[in-house]
Each structure stands twice: as C-alpha cells, then as structure tokens.
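# Structural overview
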Number of protein chains: 2
Amino acid sequence: MIRIAIAGYGNLGKGVEKAVCAAPDMELVCVFTRRDPSALKVASGVPVASTADMKDWQGKIDVVVLCGGSATDLPKQTPEIASMFSVIDSFDTHADIPKHFAAVDAAAKAAGTTAMISVGWDPGLFSLNRVYAESVLPQGKTYTFWGKGVSQGHSDAIRRIKGVKRGIQYTVPVPEAVESVRRGDEPELTTRQKHTRVCYVVAEEGADKAAIETAIKTMPKYFDEYDTTVSFIDEETFDREHNTLPHGGFVMRSGRTGDTKQLIEYNLTLGSNPEFTGSVLTAYARAAARLHAEGETGCRTVFDIAPKYLSPLSDDELRAHML
Amino acid sequence: MIRIAIAGYGNLGKGVEKAVCAAPDMELVCVFTRRDPSALKVASGVPVASTADMKDWQGKIDVVVLCGGSATDLPKQTPEIASMFSVIDSFDTHADIPKHFAAVDAAAKAAGTTAMISVGWDPGLFSLNRVYAESVLPQGKTYTFWGKGVSQGHSDAIRRIKGVKRGIQYTVPVPEAVESVRRGDEPELTTRQKHTRVCYVVAEEGADKAAIETAIKTMPKYFDEYDTTVSFIDEETFDREHNTLPHGGFVMRSGRTGDTKQLIEYNLTLGSNPEFTGSVLTAYARAAARLHAEGETGCRTVFDIAPKYLSPLSDDELRAHML
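This text gives an overview of the structure that appears in the document. None of the values given here were measured: they were computed from a predicted structure.

Here we take up the overall build of chain A. Counting its regular elements, chain A contains 11 helices and 14 strands. By the compact-globule yardstick of 20 Å for 323 residues, chain A fits well, its C-alpha radius of gyration being 21 Å. Projecting the C-alpha coordinates of chain A onto the three principal axes gives extents of approximately 60 × 60 × 35 Å. Counting every position in chain A, which comprises 323 residues, the buried fraction comes to 57%. Here the analysis covers contacts within chain A between residues at least 6 apart in sequence; of these, 68% occur between residues at least 24 apart.

In structure tokens:
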C-alpha cells in the first residue's frame, strides 16, 4: 500500500481525500493542517496533525500531497516539505513554473526525495495533450478553451468589490470560436473572441448595483478584455443554483499532414474541479511513490512520467488489456 | 539529426515519409522494399534499397519504421529487423500483442537495439488515453467509438465477394450512443448499438446485386452483428467521392468522484488515417532514438514512454512553454 498524507484541507484537500480512499493500492495516513488539529474533523476519520510536527511522521508516509494555493503557500511549502518527504503539488502560476521547479528540484535532490509539481488538469492533463498533439502534428495551431466553469480567482475578485455580498464567475468558451477551430479554419482569436465571462452577484442591501457592474466590467486583466455579463440575483437563488464548482475545457490541435486536415481534441466536462484535480494528483502520487522506490530523486513534471506509472495495473496487464 | 529508414512503401510508408520530411530534427535515409528497388520511385527522392540488403545499412540508420501489415508481415519482420536496427511498428492485432511483444523484446535485448510496437492511434494514442483516464477516474466506464472512417479490413472483405468491382466500408458511431455516454448515463451498449457499417459498392456488369447485398450483410464477424447499409453506385461516383481514407473516433471515460460526474473525452477527426498513423510513428521514432542513445534496449509500448521523449523541445522549453 502506498502511504499518502494530505497537507491542507480545503476543497482540493477534500478532493484528494476522496480519491485516495477510493484507490485500491493506497492508504491515507493523516491530514496536516496549519490550524489547530483538534478543531478539524476530516471526512475519512484519519488522524489530523499539525504542519509544525511533520518531521515526526518521517518513515510513515510515502508521498505528501500538497493542497495549498499557488500564490503564497506552495512556493514556500513545496521545497520545504520536499526536504522531508516525497511530495506532489498543483502549482499553477504558469509564468513561475521554471523558478518553482528549480527550487523544488534542489531541495528534493539534496534530501533524496522525489517531487512532482504542477499536476492537475491545466497545468497537467491539458499540458500533456498539448505536447502529445504538437509532437504528432508539428504543423498546425493549438487552442486551449476553458469552461464552462467557475474561476475561483475571478469570483474572489468580484467579492472584493464594495457592496458585493456573494459573487461567482463562470468562464464560457465562445461557441463560434470552438466551431471555427473544429472546422480546421485555424483562426487567429483575440482574448475577447475566445471566452466570455458570466457573473452572478448578490448585492448588499442598498448597494449601488450600477457601480458594482461597472467595477466588474472595467477591472483590468480580470474582466476588461472580455465580454462580461453581470446578473444580480437574490441570496436564495445564489445558494440554490451556484453551489458547485464545475469546470472543464478543450485542448484542440488543428493540424495538417501536407494539405490534409487532422484534428486532435481533448475535452473535460467536470462536475467538480477540486475533486477532479484531486484525482489527478492521486494518480500522479502513485507515480511519485514508484519513481522514488526505483531510486529516482529530484523534481519532475507530467512530461517526465511514462503513463504506466499512473496505473495500478502491471505492465503485462496494460499490454494485454489496455493497448 | 535522427536518421530514419522506412520498410514498406504502401499508404502507411508514404505517410511516414511525409512526416519524417516535415520533422526539424530528422533525416530520411532510405526506403526498403521487397520489390525490385529500381522499379520504385519515392516522393522524397531518397535511395530505395532491397529489404534483403538491409544489413549493409547498419551504422547509417538510427530507427527503421516498419510499415508492413499486422496479419503476416510484422510478426516475422519486427523481430528479424530488431536484431539489426532499432525499430518501431504499428502492430494492431490486439489479441496477439503480448506474444508479439515477447518475440520483439527477446530479439531487441539480444541485439542491444530499442524496439517499439503497436504505435499509432488505436493501438497507440487511444490506448494512452484509456490508461490516463482510468488511472485518474478509477470509478466509471470507458467507451471507444471508431469513425466515421474507412475500415480497410472491411473494405477488403467486400471486394472479395463475387460480382464486386469496387467497394468501400465506413464505420460510423451511432450518435444516440455517443450522446448517452456524454450525458454520463454509463449505458451498456451492444456491438450493434455502438456502430453502423455503411458500404458503397460498384458491381460488375450483370452481377446479382441482391446476392452481393446479402453476402455483405450476413458475413460473420465483419457485418452480421451490425446494422449495415449497402449502396450501389457507378464507378465515376466511387472515384470522385470515395478516394480518401478519413478516420477517427472517440475515447470517452464516464467517471465519478463520489456522486459527482466527470467526463474525459479524446477525439480524433482524421483527413487521412495512414498519414496520421505515420505522424504518430514518426514522433515515437524520435523517442526510440533517444531511448537507444540513453542505453535502453528491448521492447517498449506507448505506456512506457514519457511524453517529453516525443517532442523536439528540450525539458526546459517544455516546462517554460507547454505546462
């Protein structure tokens, strides 16, 4: 059995917990929290321990799955914890990946642990599909569309606006853009042409709704380059209709062999983004444990991992039943 | 530059030739044929040599891409040629893969070469997607649909019927079945419920069309378990409308995390099946050359190959631009 621990018990940590408990070859050992461990009850009922006491668990855990945020938690946590345990994270600040990789690689090599970063669906499974598709069809264009799904970053941005009580933002691909790519037109698409942003807001009593709408639509980077719609709804409707975290998207490679059109398309339709990301992390935690058992140390990404390492099946079983 | 040779110059060999000539890091050295080499002109203008003289080319070629058929050519050719060169094939008789693997692995290990078998899209990219998807979502069902596309085996079967001058068969997924899977119904589907078979036939003059239609529709294994339609057309129409080899299909994993539905879908829409298969073989030939340079010998499948080996980009470039 591969012994797993989870560090951080938000939506993502809960998703990992569910996936690990469903895996036939894994055992959830404990959950680490920065809060008071005695105040946290976890769904699986495993022990909860303080992040400060992690060192005491060495030898009892094969892989720690890090479920903190990319903005401030992981840049510090992943190298730190990689100096004690093999680790895996879902670091998703694309521009900072090389820097994060270098820090984690150095820590893991020094400690003789195995680390994997930026595992999830984007970065993660979408990245894999970009590499497979561009390697097979070097001539062509790659498109990534996200949604329909909840963007947590954009939802947070709405909620920081004065007068907003509740808020959620859905990223929605523009159907005409998706169809054009699917037809093999290889269009040049602006940011605005690829996605729209759909917002639902519960306003505080007496708040200036027009001002809220303007504040959202003109917010630099988050909304100003998109066609954004804002709908004001009451709190009851919000709680009833916007209580899940669906997401998904497409990676499309519109390619050519000579003059012949060839299309590769990878689609995800996710009922729960954190539960799916947790499932991807869990499959790659299996790979990290196996690589470590084979004596590999240092940092890896999804590009470095042969698919067989993700599966609980043996090489013989994979060849006989999955090829 | 990775030095490639092609063995066999049918549709697949021509597809590989196109892909190798388009690759920035590859050089096509020669084409091997069992026919009279002086009678074969190849599109790229590279030398044509006899399969019988292959041994003379040792040291001049990094990987030989085998483009023969799975029924009789590859079971013999792949182990034989693996005893002289690193090789890659598209062996696609699913049931015989373990036996083929063992024979090729023994030959490659004895000779110190690197072999890859069953590379293409099914087996190949579809197999990969089955393993990735089932590893990430262990609870659920996997569905593979083929088409719309030309099945060469079924087209050959039609052409063997008395009175048939020309014939082609398209495998077509049943839209209702695809939609049911996409909705997350996880249906149990019979062979008949998944695909229909659509045939176009040019009859010999005076042939008994009713007899041809019956012979097709009742042919065991090929057609009897399917809803099959047969249309008789004239030769001009046949040549105009049925002169390409499109194909494609879907791998769908309808899974669950707890009670939450999650769908992973991989779609190929291929203008030319042999050119696309040739492109996949070419990307994996790059992997074979690199693995061989790293000192790895023996037989591999797509499950054993980390995605980075397929790309001409460096590890740093992949992390910086593709994650």
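Another aspect to go through is the sheet that holds strand 7 (residues 140-146) of chain B. In spatial order, the strands read 7(A)-12(A)-13(A)-13(B)-12(B)-7(B); together these 6 strands make up an open sheet with antiparallel pairing. Single-partner strands in this sheet number two, and they are strand 7 (140-146) of chain A together with strand 7 of chain B. Neighbouring strand axes in the sheet, compared pairwise and without regard to direction, differ in orientation by 5° on average. Where strand 12 (residues 247-257) of chain B meets strand 13 (residues 260-270) of chain B, 11 bridges bridge the pair, whose relative direction is antiparallel. The residue of strand 13 of chain B that forms the bridge with Gly249 of chain B is Leu268 of chain B. On top of the sheet, helix 10 (residues 273-293) of chain A reaches strand 12 (247-257) and strand 13 (260-270) of chain A together with strand 12 and strand 13 of chain B; it is set at about 70° to strand 13 of chain B, its chief contact.

Each copy of the sequence occupies a distinct position, and chain A is placed on chain B by a rotation of 180° and an axial shift of 0.0 Å, giving an RMSD of 0.0 Å. On the angle and the small slide along the axis, the relation comes out as a two-fold axis. When each C-alpha of chain A is compared by its distance to the rotation axis, Ala306 of chain A comes out closest, at 1.9 Å.

Residues and elements named next belong to chain B. As summarised here, the arrangement of the 4 strands in space is 8-9-10-11, forming an open sheet in which the pairing is mixed. The strands lining the two open edges of the sheet, one partner per strand, are strand 8 (149-150) and strand 11 (227-232). Inspection of the sheet shows strand 10 (residues 195-203) paired to strand 11 by 6 bridges, in the parallel sense. By the bridge assignment for strand 11, Cys199 is matched with Val230. Sheet contacts for helix 5 (residues 152-159): strand 8, strand 9 (164-173) and strand 10; angle to strand 9, the most-contacted strand, approximately 145°.

A few words now on the interface of chain A and chain B. At the interface, 59 residues of chain A touch 59 residues of chain B. When the two sides are added together, the surface that chain A and chain B hide from each other amounts to roughly 5,000 Å², 65% of it contributed by carbon and sulfur. For the interface between chain A and chain B, the tally reads 2 salt bridges. Across the pair Lys308 of chain B and Asp304 of chain A runs a salt bridge whose closest N-O atoms are separated by 3.5 Å. For the pair chain A and chain B, the number of links is 28 residue pairs in polar contact (both at pLDDT 80 or more). Residue contributions to the side of chain A that touches chain B peak at 11 residues, all from strand 13 of chain A. Of the residues contributing to the side of chain A that touches chain B, the split by class is 30 nonpolar, 17 polar and 12 charged. Pairing of strand 13 of chain A with strand 13 of chain B involves 9 bridges; the strand directions are antiparallel. Bridge assignment links Gln262 of chain A to a residue of strand 13 of chain B, and that residue is Leu270 of chain B.

Moving on: the environment of Ala287 of chain B. Looking at the secondary structure, you find Ala287 of chain B in helix 10 (residues 273-293). Along the sequence, Ala287 of chain B and Arg160 of chain B sit 127 residues apart, while their C-alpha atoms lie 39 Å from each other.

Residue and element names in this part refer to chain B. Of all 6 residues that make up strand 1 (residues 2-7), 5 are buried, and the element is covered over most of its length. One ladder, built from 6 bridges, connects strand 1 with strand 2 (residues 26-33); its direction is parallel. Bridging from a neighbouring strand, Arg3 pairs with Glu27 of strand 2. Taken together, strand 1, helix 1 (residues 11-22) and strand 2 constitute a β-α-β crossover, and its handedness is right-handed. In this sheet, strand 4 (residues 63-66) lies alongside strand 1 in parallel orientation, the contact comprising 4 bridges. In the strand pairing of strand 4, Ile6 is matched with Val65.

The subject of this paragraph is the pattern of salt bridges. Residues and elements named next belong to chain A. As enumerated under the stated definition, the model contains 48 salt bridges over all chains in all. Among the ionic pairs, Arg166 bridges to Glu235, the shortest N-O distance being 3.0 Å. Separated by 69 residues along the polypeptide, Arg166 in strand 9 (residues 164-173) and Glu235 in helix 9 (residues 235-241) bring together distant segments of the chain. Each of Lys165, Arg166, Glu235 and Asp239 takes part in salt bridges that share partners, so that together they form one network.

Turning our eyes to something else, we now look at the environment of Leu128 of chain A. Looking at where Leu128 of chain A falls in the secondary structure, it is placed in helix 4 (residues 125-136). The spacing of Leu128 of chain A and Phe85 of chain A is 43 residues in sequence and 26 Å in space, taken between C-alpha atoms. The residues contacting Leu128 of chain A, other than those within four sequence positions of it, are Tyr284, Val302 and Phe303 of chain A together with Tyr132 and Pro307 of chain B.

Cut-offs used in this document
Position numbers for residues count from 1 along each chain, tracking the sequence in the order it is written. The lettering of chains begins at A and the numbering of ligands begins at 1, in the order of writing. In keeping with the model being predicted, local features are shown solely for residues with a pLDDT of at least 70 and side-chain atom pairs are shown and tallied solely at 80 or more, while totals for entire chains, interfaces and linings include all residues. Side-chain numbers come from the whole structure's heavy atoms, not from hydrogens or water. Strands are runs of DSSP state E lasting at least 2 residues, helices are runs of H or I lasting at least 4, and numbering of each runs from the N terminus. Throughout, radius of gyration means the C-alpha value; the globule benchmark is 2.2 Å times the number of residues raised to the power 0.38. The rule is simple: take the accessible area with a 1.4 Å probe, protein chains only, and divide by the maximum for that residue type; under 20% is buried, over 50% is exposed, in between is partly exposed. Only heavy atoms enter the contact rule, under which two residues are in contact if any of them lie within 4.5 Å. Paired strands are those between which DSSP finds at least two bridges. For helices, the axis comes from a line fit to the C-alpha atoms of the stretch in contact; other axes are also lines fit to C-alpha atoms, and the angle between any two N-to-C directions lies between 0 and 180 degrees. The atoms used to superpose the copies are C-alpha atoms, taken from residues with pLDDT of at least 70 in both, and the fit is least squares. Once two parts are put together, the accessible area they lose, assessed with a 1.4 Å probe and summed over both, is termed the buried area. Counted as salt bridges are all cases of a side-chain nitrogen of Lys or Arg within 4 Å of a carboxyl oxygen of Asp or Glu. Any N or O atom pair separated by 3.5 Å or less is treated as a polar contact, with the protein-specific requirement of one donor-capable and one acceptor-capable atom, and with residues adjacent in sequence counted only for side-chain atom pairs. Each residue receives one of three labels: charged for Asp, Glu, Lys and Arg, nonpolar for Ala, Val, Leu, Ile, Met, Phe, Trp, Tyr, Cys and Pro, and polar for the others, Gly being one of them. Orient the strands so they point away from the viewer, and a crossover whose first-strand-to-second-strand path over the helix runs clockwise is right-handed.

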